[in-house]
Amino acid sequence: MSEDSEPAAEPAPSAVRASQRVRSVIGKLRRRIRAAAGTGDFTLTQASTVGRLLDSTGGLTTSDLAAAEGMRHQSMATTIAALAAEGLVERQRDPEDGRRLLIALTPEGRRRAEEGRRARGEWLAAELQRKCTEEERQTVIAAMAVLERLVQD
């Protein structure tokens, strides 16, 4: 902290309550969405890694994946090894730097990742349709815009 900056103020009680509710609801929602996708055979780290690879073009290094997941390189290497053993990912030489290995989804890995993503989206849309009014769905959309600001760099 520089000399010119003021100490951080204590969070307002509403900020503390909002934090607790958001974490609780997101945790429960994540578990329900994961169960709906039928990816119970994936650990959370494996599911997240497969999702990141699905969104990448050309693959990512183990270091890239570890940094994105906030974990040690060795732990990510273990995750990748388990996915490779199931035939879901493969290692490829980087065409721009042959010394680097890129991790990419196999066709089966891509199929399973897309299938899981589709099932999660369908389940959540159906639940929002079944349990929420149009006004509540619009409130969810607005709340997501607020939460999005928290994760933007």
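To be clear, the structure that these remarks concern was listed above.
About the thresholds
Residues numbered from 1 in each chain as written. Predicted model: local features only at pLDDT ≥ 70, side-chain atom pairs only at ≥ 80, totals over all residues. Heavy atoms only, no water. Helix = DSSP H or I, 4+ residues; strand = E, 2+ residues; numbered from the N terminus. Rg over C-alpha atoms; globule rule 2.2 N^0.38 Å. Buried < 20%, exposed > 50% of the residue type's maximum accessible area, 1.4 Å probe, protein only. Contact = heavy atoms within 4.5 Å. Areas by Shrake-Rupley, 256 points an atom, 1.4 Å probe, with all protein chains shown as cover. Lys, Arg positive; Asp, Glu negative; His and termini not counted. Charge placed at Lys NZ, Arg CZ, Asp CG, Glu CD. Core = buried A, V, L, I, M, F, W, Y, C linked by side-chain atoms within 4.5 Å. Polar contact = N/O pair within 3.5 Å; in protein donor to acceptor, adjacent residues only side chain to side chain. 1 Å grid on protein atoms, 1.4 Å probe; cavity = no way out; pocket = protein on both sides within 12 Å on 5 of 7 lines; lining within 4 Å. Points joined across faces, edges and corners; volume = space filled by probe spheres on them. Nonpolar A, V, L, I, M, F, W, Y, C, P; charged D, E, K, R; others polar. Expected span 1.5 Å × (residues − 1). Axes fitted to C-alpha atoms, helices over the stretch in contact; angles between N-to-C directions. Parallel < 35°, antiparallel > 145°, perpendicular 65-115°, else oblique. Left-handed = near helix turned anticlockwise from the far one by under 90°. Pairing = 2+ DSSP bridges.

Once that is clear, we can look at the overall build of the protein. Helix and strand counts for the protein stand at 6 helices and 2 strands. Reading the protein from its N terminus to its C terminus gives the helix and strand order α-α-α-α-β-β-α-α. In terms of overall size, the protein is more extended than a compact globule, its C-alpha atoms giving a radius of gyration of 19 Å where 153 residues would be expected to give roughly 15 Å. Burial statistics for the protein: of 153 residues in total, 24% are counted as buried. When contacts within the protein are restricted to residue pairs at least 6 apart in sequence, those whose partners lie at least 24 apart make up 46%. A total of about 10,900 Å² of accessible surface is found on the protein, and carbon and sulfur atoms cover 53% of it. Charge centroids of the protein, computed over 24 positive and 23 negative side chains, lie 7 Å from each other.

In terms of nonpolar packing, the biggest core is built from 14 residues, with Val89 and Leu105 touching the most fellow members. Those elements that place two or more of their residues in this core are α2 (44-55), α3 (62-69), α4 (73-85) and β2 (101-105). Excluding anything up to four places from it in sequence, leucine 105 contacts Val50, Leu53, Leu54, Leu88, Val89, Glu90, Arg110 and Ala113.

A word on the side chain of serine 56. Secondary-structure assignment places serine 56 in the loop between α2 and α3. Here the side chain of serine 56 touches leucine 53 through a polar contact of 3.0 Å, landing on its backbone oxygen.

Let us now look at the layout of surface pockets. Of the volumes computed, that of the largest pocket is approximately 740 Å³. As for the largest pocket, its lining consists of 22 residues, and the residues nearest its centre are Val25, Ile26, Leu29, Val140 and Met144. Where the lining of the largest pocket is concerned, the elements lending two or more residues are α1 (13-37), α5 (107-131) and α6 (134-151). Top element by residues in the lining of the largest pocket is α6. It accounts for 9 residues. Within the lining of the largest pocket, the residues separate by chemical class into 15 nonpolar, 1 polar and 6 charged. Around the second largest pocket, the lining is made up of 18 residues, and of these Arg30, Ala47, Ser48, Gly51 and Arg120 lie nearest the centre. Sorting the residues of the lining of the second largest pocket by element identifies α1, α2 and α5 as the ones contributing at least two each.

Another aspect to go through is the side chain of arginine 137. By secondary structure assignment, the location of arginine 137 is in helix α6. Apart from residues lying up to four places away in sequence, arginine 137 is in contact with Leu128, Gln129 and Cys132.

A few words on α2. The terminal C-alpha atoms of α2 lie 17 Å apart, and with 12 residues this matches the ideal 16 Å at 1.5 Å per residue to within 8%. Summarising the contacts, the buried residues of α2 are in contact with α3, α4, β1 (89-93), β2 and α5.

Turning to the packing of α1 against α5, a few remarks are in order. Where α1 contacts α5, the axes come no closer than 8 Å and their chain directions differ by 120 degrees. Relative to α5, α1 is oriented oblique. Where α1 crosses over α5, the two elements pack in a sense that is right-handed. Of α5, the residues touching α1 (which contributes Leu29, Arg32, Ile33, Ala36 and Ala37) are Gly116, Ala119, Arg120, Trp123 and Leu124. Residue composition of the contact of α1 with α5, by class: 7 nonpolar, 1 polar and 2 charged.

The subject of this paragraph is the pairing of β2. In terms of burial, β2 is largely enclosed, as 4 of its 5 residues are buried. Sheet topology note: the β1/β2 ladder contains 5 bridges and is antiparallel. Among the inter-strand pairings, valine 89 is bridged to a residue of β2, identified as leucine 105.

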